[in-house]
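# Breakdown of the fold
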Amino acid sequence: SKESLNVKKLEFINALGGALSQLPPDEVRPLLDYYVEAIDDRVEDGMTEEAAIASLGSIEELSRKILSQREKLQSANKLCSQEYLTKALTEETT
């Protein structure tokens, strides 16, 4: 059923949010929105929600990638906008 599938997405997003809890919430929120959208897009393209979530990688991988990307941007002093971070992440996953 559709409901049990959505639980998977919620669990994934909550777990990712938990893994990123050291970051300011206003930085985390757009990232979570981005991944919700990424999952929805894949599902619209005919993937199951499980496959869509699996295609994003593990929570551990994602949070590590996000945090290291953020450190890189911070040290380069480019952390002026959330969009930049999301863009960097998008480029890395494609």
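Our structure is the block above this text.
Residues numbered from 1 in each chain as written. Predicted model: local features only at pLDDT ≥ 70, side-chain atom pairs only at ≥ 80, totals over all residues. Heavy atoms only, no water.

A tally of regular secondary structure across the chain gives five helices and zero strands. Helices and strands appear in the chain in the N-to-C order α-α-α-α-α. In the chain, which comprises 94 residues, the proportion classed as buried is 34%. Expressed as a percentage of contacts within the chain between residues at least 6 apart in sequence, the contacts between residues at least 24 apart total 59%. In the form shown here, the chain has an accessible surface area of approximately 5900 Å², with 51% of it arising from carbon and sulfur atoms. (Helix = DSSP H or I, 4+ residues; strand = E, 2+ residues; numbered from the N terminus. Buried < 20%, exposed > 50% of the residue type's maximum accessible area, 1.4 Å probe, protein only. Contact = heavy atoms within 4.5 Å. Areas by Shrake-Rupley, 256 points an atom, 1.4 Å probe, with all protein chains shown as cover.)

Moving on, we come to the pattern of salt bridges. Taken as a whole, this structure holds four salt bridges when the rule is applied. The salt bridge involving E27 is made with R70; its shortest N-O contact spans 2.6 Å. Taken together, the residues span a long stretch of sequence, with E27 in helix α2 (residues 25-44) and R70 in helix α4 (residues 59-75) at a distance of 43 residues. Judged by relative accessible area, R70 falls into the buried class, the value being 12%. (Salt bridge = Lys/Arg side-chain N within 4 Å of Asp/Glu carboxyl O.)

Relative orientation of the contacting elements α2 and helix α3 (residues 49-56) amounts to 130°, with a least axis distance of 9 Å. Compared by their axis directions, α2 and α3 come out oblique. Note on packing geometry: the crossing formed by α2 with α3 is right-handed. Residues Y35, A38, I39, R42 and V43 of α2 lie in contact with α3, whose contacting residues are E49, A52, I53, S55 and L56. Class assignment for the residues of the contact of α2 with α3 results in seven nonpolar, one polar and two charged. (Axes fitted to C-alpha atoms, helices over the stretch in contact; angles between N-to-C directions. Parallel < 35°, antiparallel > 145°, perpendicular 65-115°, else oblique. Left-handed = near helix turned anticlockwise from the far one by under 90°. Nonpolar A, V, L, I, M, F, W, Y, C, P; charged D, E, K, R; others polar.)

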